[in-house]
Amino acid sequence: MYQDPLAADKEMEGAQEDAKGGDAEGTSCLEGAGSPAVPEPKDNRQDGFASLVWEAVPGMLFQEDRQTSLHPLSLSWVLGYNSSLAVHSLMDGEDRVLLYVSSHTVVIHDVLGNRQYHLQGHLNTISCLCVSEERRWVASADRGPDALIIVWDSFSGIPVRTIFGSHPEDGVSAIAISQDAKYLATISAGAVQRVCVWKWTLPTEKPVCSTELRADFGYQDYVIFNPQNPYEFVSNSKTQVIFYLWGSDGLQYGAPLLSRQTFKTTVGHFSQSVFHFNNTEALTGTSAGKLVVWDDSDPHACPQELRDKPHSMKATKVVSLQKESITVLMVLESFIVTGDVKGQIKFYNGRLQLLTCYSHSKVGSVRSISFCKPRPGPAGASSAGSTACSQPFTRNFILSNTDATVFHVATDGINFEKVMEEAKKAVNAITCHPRHARLALGSHCGLLKVWDYEQREYLVSRIFPEASIQCLSYDPEGYFLAAGFTDGSVYILDAISLQSSCKEFKFSQGPVTHVSFSHDSKYFATADETYTVTVYKRVLQNGSRCWEHFAGLCSHYKPIRSILFGVQLDSNEPRLLSLGEDRHLIEYDLSVSSKDYLEVLHRDRIEQIAVPLCLAWYPQLSNESFILTANSCYKMKLYNTTTKLCRKTLLGPTYGSPLEKIQILPTTNTADPQKRYLAYITKDKVGLQILPVDGNQHKSSAFICHPDGVSDLATSYDGRYIFTVGGNDSTLMKWEINLNALDAAVSLGGEDMIPFYNLLDGGREGKFFRELEDYFYYAQLHSQGIDTLETRQVSTHIPLEEIPSVMRAMGFYPSEEEIEEMLNEVKFSNSVDTGEQMTKINLEDFIKLYVNHRPAFGLSMNKIQRAFRVLGYDNENGDNVIDRGDLLWLLQNRGERMTEDELALCLTTLLGKCPRGEGSELDTSGEAALTEEEIPAEITAEIFAGDILGLPIAEPENRTGKREMNL
C-alpha cells in the first residue's frame, strides 16, 4: 500500500518536530503536509500551503472557482505542448485528465471538462518531467541559467518543494522519482554530466549523494528507478547503459560494455531501460527492434554482495522482438510493454512472449504511454498469474506520438480516440479576428487552425502539405484571412472555411515575414526576407471580391521589421509605411503608384546608432498625430506622422531585452477614451504599458511567456486578452488582462516626479541629485555671464543652449544628432497647442529629459571593445588595436565628422599638460605635436577609455569569466 512520503519522513525524523507542530520555526509545508501525525496549525497565519496540501484530494483543482488574478497578466490557456516529452494520465476510469509540458509551464488538462490548471514557477523551458506511481507528486526540471527542480502536489497545484542550484552548469536533462515517491534521481545537461540523488522531502539544497560520468558514456537522457528497490536505478544514452546503487557508501555505478561483437548481432541505439518485475534482470529497448537483457554476472551472490551489483551487471542476451525501432519500454504490473515507430503497442509476459498488440494506422511513432490509475478491486484480487494471458490488462491508457498527437486507448474495444492534435513544428503565425472571439494560428508543419478562445475549442483547420506558414492577418472586416509562407507564396482564404478565395500568389523571392491589410481592404501588402515590399490591389472577378498583384519594391537593404497601413490625415485614402533594420522609415505613395511600379513618397533615416525594431500608430492623445517606434537601445520614440520629426525620446520597458513587437490595445473604457494601453513582447516576455509613454518604469509590467523566444503576439478585438506564440516551442499562450492591477502598480510607484527621482543614483536625497542641482544652477550663472557685476536674475529655468553642457557634466555625452533631438523635443513641446516655442527648461523637466535620453544601462567597456574589434586589427602581440593615424582619420571622416582644429582642441583638452587642480589654463599651443607625443602608435580599447578619455577601467575578469562595467 502506498504511503505518503511526506508523512512517512515526518514520522521517521522524530517526535521533537511533531511536538513543535505547525508553529515550529523553519517548518515548511513539506514537513507537515499530508501527514496524519502532524496536527493542524493553531495559528491561522501559519495555515498556508501546509493546510492546503493536507486537505487536497484528487480532482479538487477544478472544483474551486478561480479568483481574479492580482497581476496585470495571468495565464488563462495554453495550446500546444512539448512533444519530445511524455504525456501522463492523472485520473482513472473514463476521465481524460492529462499532464504535459508546454514551454516553461506544466499543464494539467481536463479534456472532457475543457479546463486547464497551470503549474508555473520555471524561468527556463522545462526539459524533463516525472510523476509518482499514485499520480500525486509531479517533479519538473529545466535547463538554463538558474535552473530549478520543483515538486508539485497535483491534487492542490501547490509547489511543495523547490530545489535551487541543483545543476548550476546547464540544468537537468533527465529526472525520475522512486516507487515510494521519497527520492529523486537527476542527471545534469552539462558537457560533464553529474548524477544526483535527492531526498526531496528534506529542506536541503544538497543531494544525498552524487557522482560525475565520463564523457565517453554519451549523453544520458533517460533515467528510471527500480520499483522494487528505491536505492537502485538505471540510465542510458544512445550508446551506453549505466546501473547505479546508492546508500551510506555514496553513489556507485557500473557501465557494462556491449558491442556488435558481443552477440554477433546489430544492437542499434538504446532508447529506454526498465527493471524486470520479478527477477534481477533489467531490459533496454533499441532502435533495431531488440531488447537487451542485463543481469548480475554472479546470480548466486549473497545479499551482502548486492552493493556490488552495478559493477557486476552485464548483457546476458539480446532478444529480437521485431524489425521496427522500439521507442518506449515500460513495466506494468506483470507485463512488459513496448511502443514503436509504427504506432504498435505490444504486451509481453515476463518471459518476453507476446500476449497482445494494439495498433492504429494514424498513430505514428510512439513517444509515451501512460496507463490510467487502476480501478479499486476486491480484496486479494491480483492481476498477476495465469489470468494475465487470457486478459492482459483492463486499464485504459494515454498514448502520445512524436507528431504532437495524443490518443486515448480503451482496451475493451481497442478504440483509439484522438484527444489532442497540436502543431508538431514551430508556431510563428498568429492573428485575431477583428470582430469575433476567434484566433488563427499557423505552423511550419503547414497546419492552419481557427480557435474560439472564449469557448476554448477548434472551429476549423486546414493542412498545407509541404508548406510552412510564417505570418497571418485578417482583413479589417474579418471576411478573409491572408497567409504568408516560407516559400514566398501568399494565400487569401475565406475566414470561415479556410478555402482559397483567390489563386495563390508567388511574387516574393524569399519567405514572407509580414502581411497586412489597409483599413478599407483595398490593398494588402507583404514583406519578405529579400527586403522587398509587395502590394496587392483589390479587384472584382466574376462579381466576387479578389486581389491581384499590383507592385513590388526592394526598398530596404536590411531585414524589414514592420509594415503598417494607416489613413491619410486629410482624406480616407490608405497610406503604407515600412520599417527596416537599415534604420529607414519608408512611406509609399499608393495614389501615384501604378502596375509594377511602387512609388516612394518619403525615405527617412530615423536612428543614428540604435536599430528600430517595431512600429505602431500612436493613439490620438493630443492634438498632434504620432508614429511610435521602439529600438534596440530600450528607447521608444514618437515621430510626427507628417514631418517624421522625432518629437520625443522616452525610456521604454527594460526587462532584459528590447521590445520586439508592439500593438495598441483596443479600447475597452468608453467612459475615458484617453485611457489607452500598449501590449508588447520582448525576446522572452509579454507585457503591458500604460499610455502616454513618459519613461515612468512603474507604468509597465512584463512576464516570462516563452523562455526560448517569442515569435509573435496578437490582441483580442475587445482588448481582454493577449496571445503569444513561441516559435520552436510550438505553443500558444492566452493571457487575461487585468488593467486595474497595472493601474494600482503605478499608484504604488509614486506620483509626479517620484518615479523619475528614483531613476537617479541615490534618488532624490542622493549625491548625484545634489550634483545635478549644482550644475543646473551653475548653468544659470554661465548663461548670465560668470564675471558679470550686474544683478542676477534668480530663476528655476536654464536656456536650452545650456542643456548639452549640463548633460555632459552629468556623464552623458550625446552626439550632435541626439543634442538636436533633445533641443527640438523641448522647443516644440507646446507648439501645436500654443503656437509658441520653448526657450528654457526647468529642473524637473530636465531630469525627465536626462533619464529618457541617457543610455538605459550606461556605456559598458565591452561596447568599446566591440567597436575596436570592428574598426581595428590584431597586432603581433595578439591585442586588438587601432592605428593612431586610422583613428584620427576616422574621427574626421566618419560619423559626425570633426574638423582638424576641433579634433586637435579636443585632444589637447583631454591630454592637457596642466596638472589637475591647479586651476590654470590648458596649454593649447603645439596641438599637433602634443597629439603625436601623447597618443601611442597603436591604441587599444583600454588605452582609449582610460588614458585618453579618462574613464575608469574594468576590473580583471573574475573566476566566472564575467567582465561587465558601466562607464
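The rules behind the values
Residues numbered from 1 in each chain as written. Predicted model: local features only at pLDDT ≥ 70, side-chain atom pairs only at ≥ 80, totals over all residues. Heavy atoms only, no water. Pairing = 2+ DSSP bridges. Helix = DSSP H or I, 4+ residues; strand = E, 2+ residues; numbered from the N terminus. Axes fitted to C-alpha atoms, helices over the stretch in contact; angles between N-to-C directions. 1 Å grid on protein atoms, 1.4 Å probe; cavity = no way out; pocket = protein on both sides within 12 Å on 5 of 7 lines; lining within 4 Å. Points joined across faces, edges and corners; volume = space filled by probe spheres on them. Nonpolar A, V, L, I, M, F, W, Y, C, P; charged D, E, K, R; others polar. Parallel < 35°, antiparallel > 145°, perpendicular 65-115°, else oblique. Contact = heavy atoms within 4.5 Å. Disulfide = S-S within 2.5 Å. Buried < 20%, exposed > 50% of the residue type's maximum accessible area, 1.4 Å probe, protein only. Core = buried A, V, L, I, M, F, W, Y, C linked by side-chain atoms within 4.5 Å. Arc of directions from axis to C-beta. Salt bridge = Lys/Arg side-chain N within 4 Å of Asp/Glu carboxyl O. Patch = residues over 30% accessible without salt bridge, like charges linked within 9 Å, V, L, I, M, F, W, Y side chains within 5 Å. Areas by Shrake-Rupley, 256 points an atom, 1.4 Å probe, with all protein chains shown as cover. Lys, Arg positive; Asp, Glu negative; His and termini not counted. Charge placed at Lys NZ, Arg CZ, Asp CG, Glu CD. Phe/Tyr/Trp six-rings, centres within 6.5 Å; stacked < 30°, edge-to-face > 60°. Lys NZ or Arg CZ within 6 Å of the ring centre and 35° of its normal. Polar contact = N/O pair within 3.5 Å; in protein donor to acceptor, adjacent residues only side chain to side chain. pLDDT = per-residue confidence, 0-100.

**Describing the sheet that holds strand S27 (residues 397–401)**
Reading across from one edge, S26-S27-S28-S29 is the order of the 4 strands in this open sheet, with antiparallel pairing throughout. At either end of the open sheet lies a strand with only one pairing partner, and these are strand S26 (366–371) and strand S29 (415–421). On average, adjacent strands in this sheet sit at an angle of 25 degrees to one another, irrespective of strand direction. In this structure, S26 lies alongside S27, joined through 5 bridges in antiparallel fashion. In the sheet register, Phe-371 faces S27, and the bridge partner there is Phe-397.

**Some points on empty space enclosed by the protein**
Summed over the entire model, instances satisfying the criterion amount to 4 cavities of 30 Å³ or more. Surrounding the largest cavity, 14 residues form its lining, Glu-422, Ala-423, Val-427, Leu-441 and Tyr-458 being those nearest its centre. Mapped onto the lining of the largest cavity, the elements with two or more residues apiece are strand S31 (438–443) and strand S32 (447–452). The class makeup of the residues in the lining of the largest cavity is 7 nonpolar, 5 polar and 2 charged.

**Quick notes on the packing of helix H15 (residues 861–871) against helix H19 (residues 941–948)**
For the pair H15 and H19, the least separation of the axes is 8 Å and the interaxial angle reads 125 degrees. Taken together, the axis directions place H15 and H19 in an arrangement best described as oblique. Facing Met-861, Ile-864, Gln-865 and Phe-868 of H15, the residues of H19 in contact are Ala-941, Glu-942, Phe-944 and Ala-945. By residue class, the composition of the contact of H15 with H19 is 6 nonpolar, 1 polar and 1 charged.

**Some details on the state of the cysteines**
The final tally for this structure, using the stated rule, is 1 disulfide. Linked covalently through their sulfurs, Cys-502 and Cys-546 form a disulfide whose S-S length is 2.0 Å. A residue pair is termed long-range when its members are at least 10 positions apart, and Cys-502 in the loop between strand S36 (490–494) and strand S37 (512–517) and Cys-546 in strand S40 (residues 544–553) qualify at 44 residues. In this structure Cys-546 comes out as buried when scored by relative accessible area, which is 4%.

**Some remarks on the nonpolar core**
Leu-98, Val-406, Leu-665, Leu-688, Ile-722 and Trp-735 are the most contacted members of the largest nonpolar core, which totals 30 residues. Every element with two or more residues in this core is listed here: strand S1 (73–79), strand S3 (97–102), S29, strand S50 (677–681), strand S51 (685–690), strand S55 (732–737) and helix H8 (739–748). Apart from residues lying up to four places away in sequence, Leu-98 is in contact with Val-87, His-88, Val-107, Ile-108, His-109, Val-111, Ile-398, Val-406, Val-419 and Met-420. By size, the runner-up hydrophobic cluster in this structure holds 26 residues, among which are Leu-760, Phe-776, Met-822 and Val-826.

**Some words on H15**
Within H15, burial applies to Met-861, Ile-864, Gln-865 and Phe-868. Taken down its axis, H15 places every buried residue within 100 degrees of arc, on the same side. Structural note: H15 exposes Arg-869 and Val-870 on the side pointing more than 90 degrees away from its buried face. Considering only its buried residues, H15 is in contact with strand S59 (880–883), strand S60 (938–940) and H19.

**Focus: the pattern of salt bridges**
A side chain with one charge may pair with a side chain of the opposite charge, provided their charged atoms come close. Scanning all chains against the criterion turns up 25 salt bridges. Measuring nitrogen to oxygen at the nearest pair gives 3.9 Å for the salt bridge that ties Glu-324 to Lys-342. Here Lys-342 lies in the loop between strand S23 (335–340) and strand S24 (345–348) and Glu-324 lies in the loop between strand S21 (313–320) and strand S22 (326–332), a separation of 18 residues in the sequence. The shortest N-O distance in the salt bridge between Asp-743 and Lys-675 comes to 3.3 Å. Remark: Lys-675 occurs in the loop between strand S49 (661–664) and S50 and Asp-743 occurs in helix H8; sequence separation between them is 68 residues. Within the structure, one salt-bridge network assembled from shared partners comprises Glu-454, Asp-718 and Arg-720.

**Some details on a negative patch on the surface**
On the surface, Glu-751, Asp-752, Glu-844 and Asp-845 cluster together into a patch of negative charge. Mapped onto the elements, Asp-752 comes out in the loop between H8 and helix H9 (754–757). Take Asp-752: its relative accessible area is 68%, and that puts it in the exposed class.

**As for the sheet that holds S55**
One open sheet accounts for 4 strands, arranged S1-S55-S54-S53; its pairing is antiparallel. Pairing within the sheet leaves two strands with one partner each, and these edge strands are S1 and strand S53 (712–715). Neighbour to neighbour, the strand axes of the sheet diverge by 25 degrees on average, direction disregarded. Here strand S54 (residues 721–725) runs beside S55; their pairing, made up of 5 bridges, is antiparallel. Residue pairing for S55: Ile-722 is matched across the bridge by Trp-735.

**Points about the environment of Leu-283**
Residue position: Leu-283 is located in strand S19 (residues 282–286). On the basis of relative accessibility, which here comes to 1%, the residue Leu-283 falls in the buried class. Along the sequence, Leu-283 and Gln-272 sit 11 residues apart, while their C-alpha atoms lie 8.4 Å from each other. Residue contacts for Leu-283: discarding those within four places in its chain leaves Gln-272, Ser-273, Val-274, His-276, Leu-291, Val-292, Val-293, Trp-294, Leu-329, Ile-336 and Leu-352.

**Some thoughts on the packing of aromatic side chains**
For the structure on display, the rule yields 39 aromatic pairs. Ring plane angle 70 degrees and centroid distance 6.5 Å describe the contact between Phe-243 and Phe-275, whose orientation is recorded as edge-to-face. Linking Phe-243 in strand S16 (residues 241–247) with Phe-275 in strand S18 (residues 270–275), this pair joins segments that are 32 residues apart in sequence. With respect to class, Phe-243 is no different from Phe-275; both count as buried. Ring geometry for Tyr-618 and Phe-626: centres 6.3 Å apart, planes at 70 degrees, overall edge-to-face. The burial state of Tyr-618 is the same as that of Phe-626; both residues are buried. Among the aromatic residues, ring-to-ring pairing joins Phe-480, Phe-505, Phe-507, Phe-517, Phe-524, Tyr-536 and Trp-547 into one connected group. If you follow Lys-449 out to its NZ or CZ, it ends over the ring of Tyr-458, 3.8 Å from the centre.

**A few points about the side chain of Arg-136**
On the secondary structure map, Arg-136 appears in the loop between strand S6 (126–131) and strand S7 (137–142). Of the residues examined, Arg-136 reaches a relative accessible area of 9% and is grouped as buried.

**Details of helix H14 (residues 843–853)**
Burial of H14 is extensive: 8 of the 11 residues sit out of reach of the surface. The complete set of buried residues in H14 reads Leu-843, Phe-846, Ile-847, Leu-849, Tyr-850, Val-851, Asn-852 and His-853. You can read the cap of H14 off the contacts: a side-chain oxygen lies 3.3 Å from the backbone nitrogen of Glu-844, and it is on Asn-842.

**Looking at unusual backbone geometry**
Cis rather than trans, the peptide bond between Leu-691 and Pro-692 has omega equal to 0 degrees. A positive phi is found at Arg-583, a non-glycine position, where the angle reads about 75 degrees.

**Re the confidence of the model for the chain**
Summing up the model confidence of the chain, the mean pLDDT is 86 and the portion of residues at 70 or higher is 86%. Here helix H7 (residues 387–390) stands out as the element of the chain with the lowest mean pLDDT, 36, in contrast to S54, whose mean of 98 is the highest. Long-range and interchain partners of residues 11–46, a stretch whose pLDDT sits below 50, account for 51 contacts in this model, where long-range means more than four residues apart. In this model residues 913–927 is a low-confidence stretch, pLDDT under 50, and it forms 13 contacts with partners more than four residues away in sequence or in other chains.

**Description of the pairing of strand S4 (residues 105–110)**
Counting buried positions along S4 gives 6 out of 6 residues, so the element sits mostly inside the fold. Here S4 shows no split at all, with Thr-105, Val-107 and His-109 on one side and Val-106, Ile-108 and Asp-110 on the other all buried. Between S3 and S4, which pair antiparallel one after the other, the connecting turn spans 2 residues, and Ser-103 there sits at a positive phi close to 55 degrees.

**Considerations on the environment of Glu-529**
Take Glu-529: it is sitting in the loop between strand S38 (523–528) and strand S39 (533–541). Put simply, Glu-529 and His-514 are 15 residues apart on the chain and 9.5 Å apart in space, counted from C-alpha to C-alpha. With residues near it in sequence (within four places) discarded, Glu-529 still touches Pro-511 and Thr-513.

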